[in-house]
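# Breakdown of the fold
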Amino acid sequence: MSDEQHSKITLSGAVSMGTGVMIGAGVFALMGQVAGTAGRWFPLAFLAAAGVAAITSYSYVKLSSTYPSAGGIGTFLNEAYGVGPIAATFTMAMWASMILNESLVARTFGTYFTKLIGVDTDTVLVVALGVALLVGSFAINAAGSRAVNAVEKVMAVVKIGGLAVFAGACLWVADFPATGSGAVDPPTIDSLIAAVGIGLLAYKGFTTITNTGGEIEDPDRDVGRAIIISIATVTVVYMSVALAVRGNLGLGEITDARDYALARAARPVFGSVGFRLVAALAVIATVTSVMASMYSTSRMLGMMSDMDEVPEVTLGRRIPFATPPLVVTTAVAIALTVAFDLTRIAALGAFAYLALDAVIHYGHLRHLRHETGAHAAPLVAAIVVDVVVFAGFFVYRIRTDVVVIASFAAFAVLVGGGETLYMRRFGDATRT
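Positions within a chain are numbered from 1, following the residues in the order the chain's sequence is written. Confidence filtering applies because this is a predicted model: local features only for residues at pLDDT of at least 70, side-chain atom pairs given and counted only at 80 or more, and all residues used for totals across whole chains, interfaces and linings. No hydrogens and no water enter the side-chain calculation; it runs on all heavy atoms of the structure.

## With respect to the overall build of the protein
Secondary structure elements follow DSSP: runs of H or I no shorter than four residues count as helices, runs of E no shorter than two count as strands, and numbering proceeds from the N terminus. Across its full length, the protein holds 15 helices and zero strands. Here the protein holds 432 residues, and the buried ones make up 56% of them. The contact rule is simple, with two residues in contact once any of their heavy atoms fall within 4.5 Å. Restricting to contacts in the protein with at least 6 residues of sequence separation, those with at least 24 account for 82%. Put simply, the protein shows about 16,900 Å² of open surface, and 65% of that area lies on carbon and sulfur atoms. Think of it in three bands: residues with accessible area under 20% of the maximum for their type are buried, residues over 50% are exposed, and the middle band is partly exposed, with areas taken using a 1.4 Å probe on protein chains only. Per-residue and other accessible areas were derived by the Shrake-Rupley procedure at a 1.4 Å probe size, with only the shown protein chains allowed to occlude residues.

Quick look at the structure:
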């Protein structure tokens with residue numbers, strides 16, 4: 001068997017990669033934020049987000065089967081809109097949202113690790129641990145897709161099994177307390193929709209599977225299957241864990257411990273030992289989340305460079321131990337982890353993802369449907385749900401944090417304007 005065949009990603013490896021990204025971010029980083037936004041309805045917010053992900057996944061399955069590529073979303077955008085500022089801008093938006101997700105999960109890793117060793121979370125150690133995770137993930141990814149595939153399989157089994165035990169035990173003794181300590185504002189229509197938008201971040205990791213099209217064993221069949229299996233698996237896990245947390249903590253307690261809600265929920269059931277075990281499980285989950293996300297994110301940047309949508313990433317010399325896109329991806333993630341408030345940046349990531357998602361589905365509907373064989377109704381439904389969630393999230397943020405809206409507008413102008421100027425400056429006479 002050739003080295004190329006050995007390096008291929010199997011169906012189980014692609015599923016492990018998708019669930020690895022989703023579970024690390026969804027359960028451990030976002031549970032408290034969704035609860036604080038949706039109040040007592042937060043388990044249903046996760047379920048509604050799963051419905052949105054399922055509706056939108058139809059488009060990705062069709063596109064992945066027709067255009068299998070390591071470029072994933074970048075390839076889909078180029079097929080729909082041609083090589084130009086539109087495709088480049090939204091591919092860069094996807095890359096940025098994935099980088100933001102890596103930084104958010106890296107900080108979550110630092111928070112849970114400090115809880116595991118009994119150190120105050122309001123220290124620079126959280127940032128240092130997040131950076132250490134990113135460096136370690138860089139090393140694993142530098143070893144190649146085979147190493148990522150092997151580690152992801154083992155870690156996926158450990159964390160899903162651990163979460164199943166946690167959820168089962170917590171549900172067995174659940175009494176669903178009413179309030180608990182802290183204050184939780186009653187939910188409104190826009191806050192419930194915003195909670196679905198935040199919850200959708202917990203599912204968007206399935207799109208990383210589209211970046212394996214060039215390396216998966218049977219892309220025509222297995223990319224779509226991996227997406228469907230990953231969403232179904234993660235939905236069961238999220239709902240079980242959300243109900244387990246709600247059953248053992250009051251809403252105020254969940255929001256007070258939003259950065260480590262699962263570990264806090266384990267304490268009434270398992271005591272301090274359970275608290276530490278769940279914290280350890282969170283460490284494992286966030287490690288695999290960052291590792292899998294970095295794998296696909298770096299490949300997306302490499303594809304953008306190959307397509308001349310961004311300047312060639314060479315760093316001035318050949319790097320013997322890793323690809324330049326992997327180095328750049330890691331460096332940007334480290335900078336964000338050190339410098340920014342990641343709760344606010346996560347909101348920017350949600351806006352970028354929702355806008356990108358709608359643009360992909362519109363391009364599919366308008367330009368590619370006859371090539372992929374997709375039906376129009378699911379594509380229209382995907383666009384509608386994206387627009388509704390984006391609008392509700394926008395209204396909620398206008399009411400609660402206008403800085404996020406201003407930052408998103410600045411980001412859109414910077415990326416869109418930068419890509420337009422770059423392509424006009426360096427495009428050839430044929431506009432390619």
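Now, onward.
## Some points on the packing of helix α3 (residues 42-66) against helix α9 (residues 219-248)
To get an axis, fit a line to the C-alpha atoms, keeping to the stretch in contact for a helix; angles then go from 0 to 180 degrees between the N-to-C directions. Where α3 contacts α9, the axes come no closer than 10 Å and their chain directions differ by 175 degrees. One finds that α3 runs roughly antiparallel with respect to α9. Here the nonpolar group is Ala, Val, Leu, Ile, Met, Phe, Trp, Tyr, Cys and Pro; Asp, Glu, Lys and Arg are the charged ones; every other residue, Gly included, is treated as polar. Taken together, the residues of the contact of α3 with α9 break down into 17 nonpolar, five polar and two charged. Note on angle classes: values under 35 degrees are labelled roughly parallel, values over 145 roughly antiparallel, values of 65 to 115 roughly perpendicular, and the remainder oblique.

## Looking at the pattern of salt bridges
Between Lys or Arg on one side and Asp or Glu on the other, a salt bridge is scored when a side-chain nitrogen of the former is within 4 Å of a carboxyl oxygen of the latter. Overall, the coordinates contain three salt bridges when judged by the stated rule. Between Arg264 and Glu253 there is a salt bridge, with its nearest N and O atoms 3.5 Å apart. Residue Arg264 is found in helix α11 (residues 261-306), and its partner Glu253 is found in helix α10 (residues 251-256); the two are separated by 11 residues along the sequence.

## Points about α11
Helix span is expected to be 1.5 Å times the residue number reduced by one. When the terminal C-alpha atoms of α11 are compared, their 42 Å separation across 46 residues is substantially less than the 68 Å that a helix rising 1.5 Å per residue should span. Throughout, bend refers to the angle between the axes fitted to the seven residues that end at a position and the seven residues that start at it. The sharpest bend along α11 measures roughly 145 degrees and falls at Phe270. Of the residues trailing α11, Asp308 is marked for its positive phi of about 60 degrees.

## Focus: the nonpolar core
In this description, a nonpolar core means a group of buried Ala, Val, Leu, Ile, Met, Phe, Trp, Tyr and Cys residues linked to one another through side-chain atoms lying within 4.5 Å. Counting 122 residues, the largest nonpolar core has Phe42, Phe46, Phe166, Tyr203, Val241 and Leu262 as the members making the most contacts within it. Broken down by element, this core gets its largest block of residues, 19 residues, from α11.

## Let's talk about the packing of helix α6 (residues 124-142) against α11
For the pair α6 and α11, interaxial distance at closest approach is 9 Å and the crossing angle is 55 degrees. Classified by the angle their axes make, α6 and α11 are oblique. The chirality of how α6 crosses α11 is right-handed. The segment α6 lies against α11, with Leu133, Leu134, Ser137, Phe138, Ile140 and Asn141 engaging Thr286, Val287, Val290, Met291, Met294 and Tyr295. Tallied by class, the residues present in the contact of α6 with α11 amount to nine nonpolar, three polar and no charged. Crossings are assigned a handedness: left-handed for a near helix turned anticlockwise from the far helix by less than a right angle, right-handed for a clockwise turn.

## Details of the packing of aromatic side chains
Both the distance between ring centres and the angle between the ring planes are used here to describe each pair of aromatic rings. Between rings of Phe, Tyr and Trp, where Trp is taken as its six-membered ring, a pair exists when centres lie within 6.5 Å; planes separated by under 30 degrees are stacked, by over 60 edge-to-face, and by other angles tilted. With the rule as written, the count across this model stands at 11 aromatic pairs. A ring pair is formed by Phe28 and Tyr112, whose centres lie 5.6 Å apart and whose planes are at 85 degrees; its orientation type is edge-to-face. Of the two residues, Phe28 is situated in helix α2 (residues 11-38) and Tyr112 in helix α5 (residues 85-116); the sequence distance between them amounts to 84 residues. The burial state of Phe28 is the same as that of Tyr112; both residues are buried. The interplanar angle of 35 degrees and the centroid separation of 5.2 Å between the aromatic rings of Phe351 and Phe408 together place this pair among those described as tilted. In this pair, Phe351 sits in helix α13 (residues 342-372) while Phe408 sits in helix α15 (residues 402-426), placing the two residues 57 residues apart along the sequence. Note on accessibility: Phe351 and Phe408 belong to one class, buried. Cluster of aromatic residues (ring-pair linked, three or more members): Phe351, Phe390, Phe393, Phe394 and Phe408. One cation-aromatic arrangement involves Arg267 over Phe275; the distance from NZ or CZ to the ring centre is 4.3 Å. In this scheme, Lys NZ or Arg CZ marks a charge over a ring once it lies within 6 Å of the ring centre and within 35 degrees of the ring normal.

## A few points about α5
In this model α5 runs 46 Å from its N-terminal to its C-terminal C-alpha over 32 residues, within 8% of the 46 Å that 1.5 Å per residue would give. By the criterion of burial, α5 is predominantly enclosed, with 25 of the 32 residues buried. One or two steps after α5, the chain reaches Gly118, where phi turns positive at roughly 75 degrees.

## Section: the environment of Pro378
Within the secondary structure, Pro378 sits in helix α14 (residues 376-400). Every residue in contact with Pro378, bar those within four places of it in the chain, is listed here: Ile55 and Tyr58.

## Describing the confidence of the model for the protein
Residues with a pLDDT of 70 or more make up 87% of the protein, whose mean pLDDT is 81. Averaged pLDDT values over the elements of the protein bottom out at 46 in helix α1 (residues 3-6) and peak at 95 in α14. Here pLDDT means the predictor's own confidence in every residue, given as a number from 0 to 100.

## Side note on the environment of Ser293
Take Ser293: it is sitting in helix α11. Expressed as a C-alpha distance, the spacing of Ser293 and Gly18, which sit 275 residues apart in the sequence, is 8.7 Å. Those residues in contact with Ser293, other than ones at most four positions away along the chain, are Val21, Met98 and Glu102.

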